Amino acid sequence: MKVFGVTGWKNGGKTGLMERLVSEISGRGFIVSTIKHAHHSADIDHEGTDTHRHRLAGARQVILSSPQRWAKMTEIDADQEPSLEALVARIEGADLVLVEGYKSASHPKVEAFRSANGHQPLAIRNASIVAIAAKGDVEINLPLFDLDDTNAVADYVLAQVGLSKGPVQANVGTKKLKNDCFALPQGVDWVPVDEALARLKSRLVPVASVETIATRDANGRILAQSVEAKRSNPPVANSAVDGYGFAFDTLPQDLSLELAQGRSAAGDPFKGQVPLGQAARILTGAILPSGVDTVVLQEEVTLSDGRVHLSGAPKRGSNTRKAGEDVIAGSDVLQSGQKLRPVDLALLTAVGVPSVQAFTRLRIGVLSTGDELVDAGATELSDHNTFDANRPMLLSLIESWGYQPVDMGLAPDTPQAIEQRLNAFSDKVDAILTSGGASAGDEDHISQILRTKGDLTSWRIAVKPGRPLALAMWNGTPVFGLPGNPVAALVCALIFGRPALSLLAGSGWKEPQGFMVPAAFTKSKKHGRREYLRARMNQSGHVEVFQSEGSGRISGLSWADGLVELPDEGAEIRAGDLVRYLPYSSFGL
Ligand code: AMP
Ligand code: MG
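Residues numbered from 1 in each chain as written. Chains lettered and ligands numbered in written order. Predicted model: local features only at pLDDT ≥ 70, side-chain atom pairs only at ≥ 80, totals over all residues. Heavy atoms only, no water.

A. Quick peek at the overall build of the protein. A count of helices and strands for the protein gives eleven helices and 37 strands. When its C-alpha atoms are laid out on the principal axes, the protein stretches across 95 × 85 × 50 Å. Taking all 589 residues of the protein together, 48% fall into the buried category. A separation of at least 24 residues holds for 67% of the contacts in the protein among residues at least 6 apart in sequence. Of the roughly 28,800 Å² of accessible surface on the protein, a fraction of 50% belongs to carbon and sulfur atoms. Taken together, the 60 basic and 67 acidic charged side chains of the protein have centroids lying 1 Å from each other. (Helix = DSSP H or I, 4+ residues; strand = E, 2+ residues; numbered from the N terminus. Buried < 20%, exposed > 50% of the residue type's maximum accessible area, 1.4 Å probe, protein only. Contact = heavy atoms within 4.5 Å. Areas by Shrake-Rupley, 256 points an atom, 1.4 Å probe, with all protein chains shown as cover. Lys, Arg positive; Asp, Glu negative; His and termini not counted. Charge placed at Lys NZ, Arg CZ, Asp CG, Glu CD.)

B. Spatial organisation of the side chain of T369. Positionally, T369 belongs in strand β22 (residues 363–369). Classification of T369 as buried rests on a relative accessible area of 5%. For T369, the side chain forms a polar contact with the main-chain oxygen of G436, separated by 3.2 Å. The residues contacting T369, other than those within four sequence positions of it, are A411, D413, I418, S435, G436, G437 and I446. (Polar contact = N/O pair within 3.5 Å; in protein donor to acceptor, adjacent residues only side chain to side chain.)

C. Fine view of the domain arrangement of the protein. Domain annotation of the protein identifies domain 1 (2–161), domain 2 (210–225 + 330–359), domain 3 (238–321), domain 4 (363–505) and domain 5 (515–587). The distance between the C-alpha centroids of domain 1 and domain 2 comes to 35 Å. (Domains from an automatic or database assignment.)

D. Geometry of unusual backbone geometry. In this structure, P234 follows N233 across a cis peptide bond, with omega equal to -10°. Note the cis peptide between K464 and P465, where omega equals -5°. Note on placement: P465 falls in the loop between β28 (463–464) and β29 (469–474). With a phi close to 60°, N319 is a non-glycine residue in the positive phi region. With respect to the element layout, N319 can be found in the loop between β18 (307–310) and β19 (320–321). Taking relative accessible area as the criterion, N319 reaches 28% and is therefore assigned partly exposed. Phi at N475 takes a positive value of approximately 50°, unusual for a residue other than glycine. Mapped onto the elements, N475 comes out in the loop between β29 and β30 (477–482).

E. Main features of the sheet that holds strand β7 (residues 129–135). Read across the sheet, six strands follow the order β2-β5-β1-β6-β7-β8 without closing on themselves; strand pairing throughout is parallel. Looking at strand neighbours, the two that pair on one side only are β2 (32–36) and β8 (144–146), the edges of this open sheet. Averaged over all pairs of adjacent strands, the angle between strand axes in this sheet comes to 25°, irrespective of strand direction. Pairing analysis gives five bridges linking β2 to strand β5 (residues 96–100), with the strands arranged parallel. What sits directly across from T34, in β5, is L98. Sheet strands touched by helix α1 (residues 14–27): β1 (2–7), β2, β5, β6 (109–114) and β7. Its angle to β5, the strand with the most contacts, is close to 170°. (Pairing = 2+ DSSP bridges. Axes fitted to C-alpha atoms, helices over the stretch in contact; angles between N-to-C directions.)

So, in structure tokens, the structure goes:
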């Protein structure tokens, strides 16, 4: 069951929007149910009703039923109000549950907003609000709809919950990120990792466009539309084994049948009908001839005198595959946002889908900055030179994620050089990753230039390793300024870059799959920031960490097979304690 919410200030128009959405979406053939939170002063039952009298007398649950509808009321203690999840679980058989209120619950919501009421949108402080339906001006980088454009809001809600068959977003194919996309509210200093992730998630939308692509060529591509089976699998009933087929109802007591003339093989069906009381030779994958509903394995029969003798009584329909038992024509086989894998291509092909609507491959530029950096292979080296290790790492990472890497080269630490590179590439790529120069020091030119010309926001994320993440828009293209240290650059690319890029690419927010495993190390960790340690599993199934946490130690990146994530809170980790291990493979490496 899909859940989507409507929230907003009092008199912002929530209930009206709920009403219109329920009507519009159920009008489109979906079953819609709703949940509404009432405040202390409001009650479900009223003095003077019969049910009120039952309740007052001490009934724990009261059901009120009429020929039109019924309701069940349950008494709870004030501090035991059920969670939204528990309430959703009580709704039966809906396609979509629309929730009014519950603004701090995590499900995605649209905010009904009237600027004339003089408030700021709740969305500024609430990352679960993913769109605004407004009357009047709103300055916020979220998908924005007219409060009365019910059709558009309904399209959006259905696309968000994966119920629509249309494109994921109205703004597919055009760069629709606003220049202040990464702005933080005033006064925000250190941003916890989860909050940084929630903010990125709420501000980015797919920017890739949509194209038709042959299924054969679609490995790694992201579906922009759900796909319906064109044909059932199997299209008609067939045999699951090599054996003999007959009509179950005609099997005599002695389990012996006359062998019919002819046979049914895959690609070479039986001609005509198998006469009642006879059994025909049938091979795996062959169509069940007319007159056959049951097949016995060839190993379970003996043949003599032109007859087939079964060694035991079969079950009706045994060893057969029913038409459409796997997939029925017309049903959705894959949802929009799905990244296609070889197995998905098999499914699409089997159900008769030769081409799909897919997002174009995102193009991601990678730029390294720093006067000390030289390209791999440079021979004229000074002691102050450093090989540019980040660029091959980030370009390859992008390739592993299925996007098109675009090499923007190496820029020295001058504002002109950096600006020239950004200008040269910003209209050729969908997003840019830079590394180096992202702090606020004298030589941190990336942040300087982005601050003056690119609406930079430095996000001081409470994470180790990692310094401020510089987020900016350059000519409408988002720029993710990663730290220069390769260890910090990788951690920031995996933790923040990967989910952000996958949203831009149309495949939705991607969180890595983590595993709780026993530690093979001890560590004392202070409160206040999340830490990522280079780690790998040892032979005995414990996770060990690299001996040094120095973020210049590139060898540790390669030594590791993943990261251990330690929580924001302080912790004393002893050997054997469970810690969260995120293998590199969970990040698509
Ligand atoms: P920065 O963030 O520019 O202050 O750089 C921090 C550290 O990372 C410095 O020691 C840089 O030399 C190093 N560094 C920056 N970019 C790269 C890179 N592309 N490859 C290797 N090391 C780098
Ligand atoms: Mg530098």
